[in-house]
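Remarks on the overall topology
So you can see what is in the structure, the chains are spelled out below.
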Amino acid sequence: MPSEAQDFSDVESTLVVVGDMEIDRPEPRNTFSKVASYLKAADLRFGGLEASMSHLGAPASGKIVMRHSPEMIQGYLEGGFEVLAFASNHCMDYGVEPFVETMELLERNGIAYSGAGRNIQEARTPAVIERGGVRYGFLSYVLELPMGWGASPAKPGVAPIRQDALYGPPYVNEEDLAALIADVERARPRVDFLLASFHWGASQSRTLTLSQQAVAHAAIEAGVDVVVGHHPHIVQGVEVYRGRPVFYALGNFVLDHDHPMFLPTALESICLKLTLRGGVLDRAAVSPVLIETDGSPRIPGPEEPKSAEILDALKALSEKLGTRLDISGGEGVMAL
């Protein structure tokens with residue numbers, strides 16, 4: 001936490017958090033052109049990197065696979081993303097070699113990443129970035145975990161939280177949950193603000209799984225300030241637990257992947273603007289997002305019917321979780 005010699009009480013900073021991104025297009029630099037002002041107005045930007053960026057490897061069998069060219073890094077750079085959660089059910093679709101190459105690509109371009117590593121220690125180490133004297137920390141984990149994706153002491157991979165339909169409460173592997181809690185407790189003294197993101201939940205379902213809530217609550221009890229979910233490709237509700245928000249699923253932010261399984265709701269999502277004062281969350285605001293026909297995100301104007309439709313759906317889902325969402329001017333603000 002900040003030292004007593006430093007006065008952070010009036011320091012205001014903003015963090016923008018977005019959903020899953022998979023840039024795969026001829027001109028990646030144009031990916032965020034419709035949301036450039038929104039992204040640039042923030043002090044820091046964080047989102048989910050769905051797949052590796054490499055020409056290496058061979059596709060895994062028995063699942064939908066994706067891999068993108070290393071040139072796609074230009075899109076994330078142009079969008080200003082300083083931190084990416086490289087922890088998904090697709091990040092190792094083509095094996096370990098492209099997974100490691102992607103981490104090297106991010107490192108060379110100055111983009112920090114969370115949830116992935118050359119071994120389990122790296123995968124569980126938070127990405128830490130300082131802005132205006134405020135230290136932000138990011139931890140990421142995968143619950144939708146294909147076989148072999150988890151890192152080990154001698155193997156690259158992601159930070160795993162195994163789940164199984166036969167597990168009883170807390171609905172996930174208790175050793176993995178204990179490791180998450182230990183990660184948070186180690187990270188907490190190093191940062192002023194700690195965000196944990198999870199690749200979890202049922203694809204294209206607004207219904208939460210028991211494991212989502214169990215892990216989110218455990219993370220907050222351990223000391224996380226905000227929990228964010230990726231993977232479902234659809235917006236899920238927001239819960240305020242012990243005064244800290246859990247955004248169970250943000251949906252897609254870039255979708256350069258046209259698959260017949262996607263419903264129209266895969267093109268509707270949300271992004272977050274978290275305002276901190278003195279390193280403490282002061283305001284959490286949600287903006288609706290529409291994915292255009294070219295796969296790029298756009299924030300619709302408050303007068304557009306889709307703006308109210310997305311926010312009203314989020315409000316209804318959040319009310320079921322006991323959370324109030326105040327909607328005004330095309331934006332929803334959480335009552336923390």
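Residues numbered from 1 in each chain as written. Predicted model: local features only at pLDDT ≥ 70, side-chain atom pairs only at ≥ 80, totals over all residues. Heavy atoms only, no water.

A look at the environment of Val235
Relative to the assigned elements, Val235 resides in the loop between β12 (226-230) and β13 (238-241). A residue is classified by how much of its surface remains accessible, and Val235, at 5% relative accessible area, is buried. A sequence separation of 53 residues divides Val235 from Pro288, and the C-alpha atoms of the two residues are 10.0 Å apart. Excluding its chain neighbours within four sequence positions, the residues that come into contact with Val235 are Arg206, Ala249, Leu250, Glu268, Ser269, Ile270, Leu314 and Leu317. (Helix = DSSP H or I, 4+ residues; strand = E, 2+ residues; numbered from the N terminus. Buried < 20%, exposed > 50% of the residue type's maximum accessible area, 1.4 Å probe, protein only. Contact = heavy atoms within 4.5 Å.)

Structural notes on the pairing of β13
Where β13 meets strand β14 (residues 244-247), four bridges bridge the pair, whose relative direction is antiparallel. Bridging across to β14, Val240 finds its partner in Pro245. (Pairing = 2+ DSSP bridges.)

Considerations on unusual backbone geometry
In this structure, the amide linkage connecting Pro169 to the following residue, Pro170, adopts the cis form with an omega of 10°. Topologically, Pro170 is positioned in the loop between β10 (157-158) and α5 (174-187). Even without being a glycine, Tyr171 presents a positive backbone phi close to 75°. Within the fold, Tyr171 resides in the loop between β10 and α5. Classification of Tyr171 as partly exposed rests on a relative accessible area of 27%. Phi angles above zero are rare outside glycine, and Gln204 is one such case at about 60°. With respect to the helices and strands, Gln204 occurs in the loop between β11 (193-199) and α6 (210-222).

Treat this as a map of the structure, not an account of what it does.
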